[in-house]
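# Survey of secondary and tertiary structure
Given next are the chains, with one letter for each unit.
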Amino acid sequence: MGIEEAPSGFLLTTVEGLAGYFRKASMWPVTFGLACCAIEMMAAGASRFDLSRFGMEVFRASPRQADLMIVAGRVSQKMAPVVRQVYDQMAEPKWVLSMGVCASSGGMFNNYAIVQGVDHIVPVDVYLPGCPPRPEMLIDAILKLHEQVQNEPLGSNRKELAAAAEAAALEATPTHQMKGLLR
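A few points on the structure.

Moving on, we get to the sheet that holds strand β2 (residues 68-72). Pairing is parallel in the open sheet, where four strands are placed in the order β1-β2-β3-β4. Every other strand in the sheet has two partners, leaving β1 (29-30) and β4 (126-128) as the edge strands with one partner each. As defined by bridge partners, β2 adjoins strand β3 (residues 95-99) across five bridges and the pair is classed as parallel. Within β3, the position partnered with Val-71 by the bridge is Ser-98.

This is how it looks when you write it as structure tokens:
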């Protein structure tokens, strides 16, 4: 009996596919608005853009209830340990979205006080460019993250991938030590 002969109303899938579908449909973000990008993030949650279509209408105040950290805005050196602590308090599986050019690469603030990319602190899954990015861009980035979440492996395979990405980010040369077009 092949798939063509299966009775109607019969659903075939894998456990990973089903778990990925459930994970993407129940993503809860933690509030981490640090600068002007946070206003656009709040606008995305308002009625005009309506993040509640994706089950994300409530931004969690506790990292223990969230599985998506949206880092919106520039991260100062003093705020970097707090970002890492909030990330460490989030339950597995967890994802990070870097919103805006300041969070992604330091933006126009190439000085000692601003971290030149939040990926030096936490592993980032999706980068969202723009200064500040529009709410539509945030929704598009969230949909891209949904695709990524739905297709990623379960269990130890995911932990190995996350550990490798985090190790690569921590071993990368800091931008203040890079030479060439940056200076």
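Turning next to the packing of helix α1 (residues 15-25) against helix α5 (residues 135-150). The contact between α1 and α5 brings their axes to 8 Å, and the two run at 155 degrees. It follows that α1 is roughly antiparallel to α5 by the angle criterion. Between α1 and α5 lies a crossing whose hand is right-handed. Contacts between α1 and α5 pair Glu-16, Gly-20, Tyr-21, Arg-23 and Lys-24 from the former with His-146, Val-149 and Gln-150 from the latter. Broken down by class, the residue content of the contact of α1 with α5 amounts to two nonpolar, three polar and three charged.

To continue, consider the state of the cysteines. Applying the stated criterion across every chain, the model contains zero disulfides. Cys-102 provides the cysteine sulfur closest to Cys-131, a residue in no disulfide bond, and the two sulfurs are 5.3 Å apart.

Looking along the chain, the bond that leaves Glu-92 and enters Pro-93 is cis, with omega of -10 degrees. Its place among the elements puts Pro-93 in the loop between α3 (80-89) and β3. Residue Pro-132 is reached from Cys-131 by a cis peptide bond, and omega for that bond is -20 degrees. If you trace the backbone, Pro-132 turns up in the loop between β4 and α5. Phi at Asp-50 is positive, roughly 60 degrees, even though this residue is not glycine.

Procedures and definitions
Residues numbered from 1 in each chain as written. Predicted model: local features only at pLDDT ≥ 70, side-chain atom pairs only at ≥ 80, totals over all residues. Heavy atoms only, no water. Pairing = 2+ DSSP bridges. Helix = DSSP H or I, 4+ residues; strand = E, 2+ residues; numbered from the N terminus. Axes fitted to C-alpha atoms, helices over the stretch in contact; angles between N-to-C directions. Parallel < 35°, antiparallel > 145°, perpendicular 65-115°, else oblique. Left-handed = near helix turned anticlockwise from the far one by under 90°. Contact = heavy atoms within 4.5 Å. Nonpolar A, V, L, I, M, F, W, Y, C, P; charged D, E, K, R; others polar. Disulfide = S-S within 2.5 Å.

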